[in-house]
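The residues making up each chain are set out below.
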Amino acid sequence: MLRGLSALAVAATLAGAATVPAQAEGERFVLVSHAPDSDSWWNTIKNAIALAGEQMGVTVEYRNPPTGDLADMARIIEQAAASSPDGIISTIADFDVLSGPLGDAVDRGISVITINSGTVEQSKEIGALLHVGQPEYDAGFGAGERAKGEGVTSFLCVNHYITNPASVERCQGFADALGVELGNQMIDAGQDPAEIQSKVAAYLQTNPDTNGILTLGPTSAHPTIAALNDNGMAGTVYFGTFDLSPEIAEAIKADTIAFAIDQQPYLQGYLPVVILTNLARYGVVPGNSINSGPGFVTKDNIALVEEYAGQYR
């Protein structure tokens, strides 16, 4: 059931957690992500909350579990809520693990906006104001439709964060669009670049009929690019990825990667800060959740976005 919503003030401290510097003496908000420290993709969201904080005259703090442990993330949310905040922005990396702490925050009267991982329905069940993100299954399905149109029949989904249900939804959508079973075509790649590269190379050697690859972000895309370069398959296997980075942009231009799915993470960081500020000050809030993606970046439009890849795109 939906819980009551209101705005109070937010600040959380946790040893080892990064903080975007305070910009002013106004309201304070905390963004809690599920990303480990090693995941550079989240730099775009950090840039977004820093700029939004400056423009809105508020302080925004970024918190995350250093290793990506979701139980640790749940504790970070609890600590943020205990400090009586103006608002919490959080991913729903695992509804079963995080819905309790986020729901408790709402019960305290804290305004919550969910972003990135999770669904609109899950966000509503928690009692959050709204969700800003992309429907992950639909994004994976759209990627699969593109791959099917190019003749892909057997694929590898390189899942570097398999404990996050949203990542599985991406792979499942891709498989469903192709009309094949997901099964062992999704591998648990882990977070270590060398290990990912090794696992991708081993899979392709063991499954030579593989003619499509989907990676779920720079963490898995970069080592996969390296694996394809090493085995001479770069440009010969249909390769799509989620998210952008300078390396991914270069691979698109080199015809190694066919497309990148842009969920516009900048909006996932920027919009909640603006929305929570306006709620705290003027009592106004949008009536619906916001889809920040998916959008497809290809060789045809990469020039429009590569300048800001890894910073604002």
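Our structure is the block above this text.
All of these numbers come straight from a predicted model, not from anything done at the bench. (Residues numbered from 1 in each chain as written. Predicted model: local features only at pLDDT ≥ 70, side-chain atom pairs only at ≥ 80, totals over all residues. Heavy atoms only, no water.)

Here alanine 80 lies in helix α2 (residues 70–82). Between the C-alpha atom of alanine 80 and that of glycine 173, which follows or precedes it by 93 residues, the distance is 34 Å. (Helix = DSSP H or I, 4+ residues; strand = E, 2+ residues; numbered from the N terminus.)

The next point concerns the nonpolar core. Across soluble globular proteins, nonpolar side chains show a tendency to be buried alongside one another. Val158 and Ile213 are the most contacted members of the largest nonpolar core, which has 26 residues in total. Of all elements in the fold, only β6 (155–159), α7 (193–206), α8 (218–231), α9 (246–253) and α11 (302–305) reach the threshold of two or more residues within this core. Once residues within four sequence positions are removed from consideration, isoleucine 213 is found in contact with Leu156, Val158, Leu204, Thr224, Leu228, Val237, Tyr238, Phe239 and Gly240. Formed by 24 residues, the second largest nonpolar core is a distinct cluster that contains Ala48, Ile49, Ile115 and Ile275. (Core = buried A, V, L, I, M, F, W, Y, C linked by side-chain atoms within 4.5 Å. Buried < 20%, exposed > 50% of the residue type's maximum accessible area, 1.4 Å probe, protein only. Contact = heavy atoms within 4.5 Å.)

Take the pairing of strand β4 (residues 112–115) next. Burial of β4 is two-sided: the residues Val112 and Thr114 facing one way and the residues Ile113 and Ile115 facing the other way are all buried. Where strand β3 (residues 88–91) meets β4, four bridges bridge the pair, whose relative direction is parallel. Each bridged residue has a counterpart across the sheet, and for serine 90 the counterpart in β4 is threonine 114. In the classification by handedness, the crossover that spans β3, the intervening helix α3 (residues 95–107) and the parallel β4 is right-handed. Bridge count for β4 against strand β5 (residues 131–133) is two bridges, and the pairing is parallel. By the bridge assignment, isoleucine 115 is partnered in β5 with valine 132. (Pairing = 2+ DSSP bridges. Right-handed = clockwise from strand over helix to strand, strands pointing away.)

That is the geometry; function is a separate question.
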